[in-house]
Amino acid sequence: MKNTRFLDTIAGKPVDATPVWLMRQAGRYLPEYRATRAKAGSFMGLATNPELACEVTLQPLDRYDLDAAILFSDILTVPDAMGLGLSFAEGEGPRFARPVRTAADIAKLAVPDIGSELRYVTDAVSLIRRELDGRVPLIGFSGSPWTLACYMVEGGGSDNFARIKSLALNEPKLMHRLLEVVTDSVIAYLAAQRAAGAQALMVFDTWGGVLAPHTYREFSLRYLQRIAAELPRGDGEANTPLILFGKGNAPYLEELAASGAEGLGVDWLVSLEEARRRTGGKVALQGNLDPVTLYAEPDTIRAEVARVLASYGHGSGHVFNLGHGMSPDMNPEHVKVLVDAVHELSRPYHA
Ligand code: CP3
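The model shown is predicted, which means the values in this text are computed figures rather than measured ones.

1. Concerning the overall build of the protein
No. 1: Check the secondary structure of the protein and you find 16 helices and 9 strands.
No. 2: For 351 residues, the compact-globule estimate of 2.2 N^0.38 gives 20 Å, and the protein sits close to it at 19 Å.
No. 3: Taken over the C-alpha atoms alone, the protein extends approximately 60 × 45 × 40 Å along its principal axes.
No. 4: Evaluated residue by residue, the protein yields a buried proportion of 57% over its 351 residues.
No. 5: Within the protein, residue pairs in contact and separated by at least 24 positions form 72% of the contacts whose partners lie at least 6 positions apart.
No. 6: When the accessible surface of the protein is totalled, it reaches about 13900 Å², and 50% of it is carbon and sulfur.
No. 7: Between the centroid of the 35 positive side chains of the protein and the centroid of its 42 negative side chains there is a distance of 2 Å.

Right under this line is the structure:
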């Protein structure tokens, strides 16, 4: 491995500069992504073609001095493999043809056969590892059980999550049955990505933050804890770290840090100074620049990068990232300003 900053940071080892990568670093803001996507015809056409998925995974690395690659795929591949029929209507976001609504729908669900139904993902992981040739480590990922269940029950995105919250409140046993089978699937899926060559694993709990504290603990946190406890990922030097990202997870940092995960991804609603204090060195922290900062002028971006670095302070254990994903209308030049600023401005914190 030529660039070990990202993995060393999560292991708490000293580094020369803070590593940086960006959620949704491969995507529509890059003209070369739009060209490959046009060739594939559709988002799923791109995601299910290992050669093209590999191509777009590497695109941001050719432009920027990033310290990690993230598999190009989507969290909704797992429910798709469970038979829900995923599509992305142009400009509308994800849709499931067969959402999960009734006890009978839930009873029918089973852990998908990863080796056949999601072979395109593990093939992409192996191919990307080969093409990366040790340049930077490769991150694999999954949605969290709660976040996947949100899309499965709602049938797509939602403003208020009325269907899934009703299910959780009216039929908690059914809700848990659904979350159990999704959790088993997530664990099998992440283990398969690790076996195929993923060097770190990340779980996106995008919608945990829409829950009240007691329902968050019952329907989201409990299953994140199960993943952290049960996902096989090796010890010591052979460890494949697990990072739990959650939008709106600030109230739960102590509990998440005690889960056994190696890293926590946090959004911009909490300072890294506070997150570091409350997690007491148990986990590495990843984040947390407000993504909207990328619309600001270059000098402002540098100043905000400096502020995030100062908030974390001295020493290893911080992976720089945004607090959530990039948007299609962001300026590619601004991403270069951000990435270079992280490396340049972080050196004094590692001296
Ligand atoms: O970070 C990366 O570069 C890796 C790729 C990645 C994608 N989706 C590519 C993608 C990752 C890690 C995801 C995760 C994902 N997908 C999440 C969790 C992270 C988060 O952002 O909170 C969620 C909630 C989804 C579900 C999903 N997939 C949505 C809401 C959308 C957007 C639909 C739209 O049209 O804006 C997608 C599609 C998607 N996934 C795109 C990309 C680049 C855009 C599709 C396109 O190219 O047309």
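2. Thoughts on the UniProt feature "domain: Uroporphyrinogen decarboxylase (URO-D)" (unreviewed entry) in the protein
No. 1: The sites that carry the UniProt feature "domain: Uroporphyrinogen decarboxylase (URO-D)" (unreviewed entry) are, in the present numbering, residues 19-28 and 139-155.
No. 2: Strand forms 0% of residues 19-28 and helix 0%; the C-alpha atoms that close the span are 23 Å apart.
No. 3: For residues 139-155, the end-to-end C-alpha separation is 27 Å, with 59% helix and 29% strand making up the annotated structure.

3. Topic: the UniProt feature "site: Transition state stabilizer" (unreviewed entry) in the protein
No. 1: Residues annotated in UniProt with the feature "site: Transition state stabilizer" (unreviewed entry) correspond here to Asp-74.
No. 2: Summarising the element assignment, Asp-74 is placed in the loop between β1 (69-70) and α5 (77-84).
No. 3: Beyond its immediate stretch of four places on either side in the chain, Asp-74 contacts Phe-43, Phe-88, Phe-141 and Tyr-189.
No. 4: Of note is the side chain of Asp-74, whose polar atom sits 3.0 Å from the backbone nitrogen of Leu-76.

4. Things to note about the packing of helix α8 (residues 119-132) against helix α11 (residues 172-196)
No. 1: At their nearest, the axes of α8 and α11 sit 8 Å apart, and the two run at 30° to each other. Taken together, the axes of α8 and α11 lie roughly parallel to each other. The element α8 and its partner α11 pack so that their crossing is right-handed. Between α8 and α11, the contacting residues are Val-121, Thr-122, Val-125 and Ser-126 on the first element and Tyr-189, Ala-192, Gln-193 and Ala-196 on the second.

5. Looking at helix α2 (residues 31-40)
No. 1: Three or more residues of α2 are buried, namely Tyr-33, Thr-36 and Arg-37. Along the long axis of α2, the arc covered by the buried residues comes to 100°, so they all point the same way. Seen from the buried face of α2, the exposed residues on the opposite side, beyond 90 degrees, are Ala-38 and Lys-39.
No. 2: Elements in contact with the buried residues of α2: α3 (43-47) and α4 (50-63).

6. Notes on the pairing of strand β6 (residues 242-246)
No. 1: Here β6 lies mainly inside the structure; 5 of its 5 residues are buried.
No. 2: Looking at chain direction, strand β5 (residues 200-205) and β6 are connected through 5 bridges and run parallel. Note that in β6 the partner of Met-202 across the bridge is Ile-243.
No. 3: Handedness of the crossover joining β5 and β6 through helix α12 (residues 213-230) is recorded here as right-handed.
No. 4: Here β6 runs beside strand β7 (residues 263-265); their pairing, made up of 3 bridges, is parallel. Bridge assignment links Phe-245 to a residue of β7, and that residue is Gly-265.

7. Quick notes on the site of the ligand
No. 1: Looking at the ligand, there are 23 residues lining it, with Arg-24, Tyr-33, Asp-74, Thr-206 and His-324 nearest.
No. 2: Ala-26 is positioned with one of its backbone polar atoms (N or O) 3.3 Å from an oxygen atom of the ligand.
No. 3: Here an oxygen atom of the ligand sits 2.6 Å away from a polar atom, N or O, in the side chain of Thr-206.
No. 4: With the chains in place, 88% of the 880 Å² that the ligand exposes on its own is no longer accessible.
No. 5: When contributions to the shell around the ligand are tallied by element, the ones reaching two or more residues are α2 and β3 (93-96).
No. 6: Counted by class, the shell around the ligand contains 14 nonpolar, 5 polar and 4 charged residues.

8. Re the pairing of strand β9 (residues 318-322)
No. 1: Within β9, 5 of the 5 residues are buried, which leaves the element mostly enclosed by the surrounding structure.
No. 2: Tracing the backbone out of strand β8 (residues 284-289), into helix α15 (residues 298-312) and back to the parallel element β9 gives a crossover that is right-handed.

9. Quick notes on unusual backbone geometry
Most peptide bonds are trans, and most residues other than glycine sit at a negative phi.
No. 1: With an omega dihedral of -5°, the bond running from Gly-287 to Asn-288 counts as a cis peptide bond.
No. 2: Tracing the sequence through the fold places Asn-288 in strand β8.
No. 3: The phi torsion at Arg-24 lies on the positive side, around 65°, for a residue other than glycine.
No. 4: A relative accessible area of 55% places Arg-24 in the exposed class.
No. 5: Look at Phe-161: it is not a glycine, yet its phi comes out positive at around 55°.
No. 6: For Phe-161, the location among the structural elements is in the loop between α9 (145-154) and α10 (162-170).
No. 7: Overall, Phe-161 belongs to the buried group, its relative accessible area being 5%.

10. Topic: the sheet that holds β5
No. 1: Read across the sheet, 7 strands follow the order β1-β4-β5-β6-β7-β8-β9 without closing on themselves; strand pairing throughout is parallel. Only two strands of the sheet have a single partner each, and these edge strands are β1 and β9.
No. 2: In terms of strand pairing, β7 meets β8 through 3 bridges, oriented parallel. Across the sheet, Gly-263 pairs through a bridge with Ala-284, a residue of β8.
No. 3: Sheet strands touched by helix α14 (residues 272-279): β7, β8 and β9. Its angle to β8, the strand with the most contacts, is close to 160°.

11. Notes on the confidence of the model for the protein
No. 1: For the protein, per-residue confidence averages 97 on the pLDDT scale, and residues scoring 70 or more make up 100% of the total.
No. 2: Across the assembled chains, the prediction reports ipTM 0.92 with pTM 0.97.

Calculation rules
- Sequence positions are assigned chain by chain, starting from 1 and proceeding in written order.
- A pLDDT threshold of at least 70 governs which residues receive local features in this predicted model, and a stricter bar of 80 or more applies before side-chain atom pairs are shown or counted, although totals over entire chains, interfaces and linings include all residues.
- With hydrogens and water excluded, all non-hydrogen atoms of the structure serve as input to the side-chain values.
- Helix numbering and strand numbering both begin at the N terminus, where a helix is a DSSP run of H or I of at least 4 residues and a strand a DSSP run of E of at least 2.
- When we talk radius of gyration, it's over C-alpha atoms, and the globule rule is simply 2.2 Å times the number of residues to the 0.38.
- When a residue's accessible area, from a 1.4 Å probe over protein chains only, is under 20% of the maximum for its type it is buried; when over 50% it is exposed; and in between it is partly exposed.
- Residues are treated as being in contact if the distance between any of their heavy atoms lies within 4.5 Å.
- Using the Shrake-Rupley algorithm and a 1.4 Å probe, accessible areas are obtained, with residue cover drawn only from the displayed protein chains.
- In this tally Asp and Glu are treated as negative and Lys and Arg as positive; neither His nor the chain ends contributes.
- By convention, the point assigned to a charge is CZ for Arg, NZ for Lys, CD for Glu and CG for Asp.
- UniProt positions are given in the numbering used here, feature names are shortened, and annotations may be inferred rather than shown by experiment.
- For this analysis, a polar contact is any N or O atom pair within 3.5 Å, provided that within protein one partner can donate a hydrogen and the other can accept it, and provided that sequence-adjacent residues contribute only side-chain to side-chain pairs.
- The convention used is that axes are lines fitted to C-alpha atoms, helices contributing only their stretch in contact, and that angles between N-to-C directions extend from 0 to 180 degrees.
- Any angle that is under 35 degrees is reported as roughly parallel, and any over 145 degrees as roughly antiparallel; angles of 65 to 115 degrees are reported as roughly perpendicular and all others as oblique.
- Handedness of a helix crossing follows the sense of rotation of the near helix relative to the far helix, less than a right angle counterclockwise being left-handed and clockwise being right-handed.
- In this context, the arc is that of the directions from the helix axis out to the C-beta atoms.
- Here, any two strands with at least 2 DSSP bridges between them count as paired.
- The crossover handedness rule: strands pointing away from the viewer, path from first strand over the helix to second strand clockwise, crossover right-handed.
- Near is defined per residue: the residue qualifies when any heavy atom it owns lies within 4 Å of the molecule or strand.
- Under the scheme applied, nonpolar residues are Ala, Val, Leu, Ile, Met, Phe, Trp, Tyr, Cys and Pro; charged residues are Asp, Glu, Lys and Arg; polar residues are all the others, including Gly.
- Values of pLDDT, the confidence the predictor places in each residue, fall between 0 and 100.

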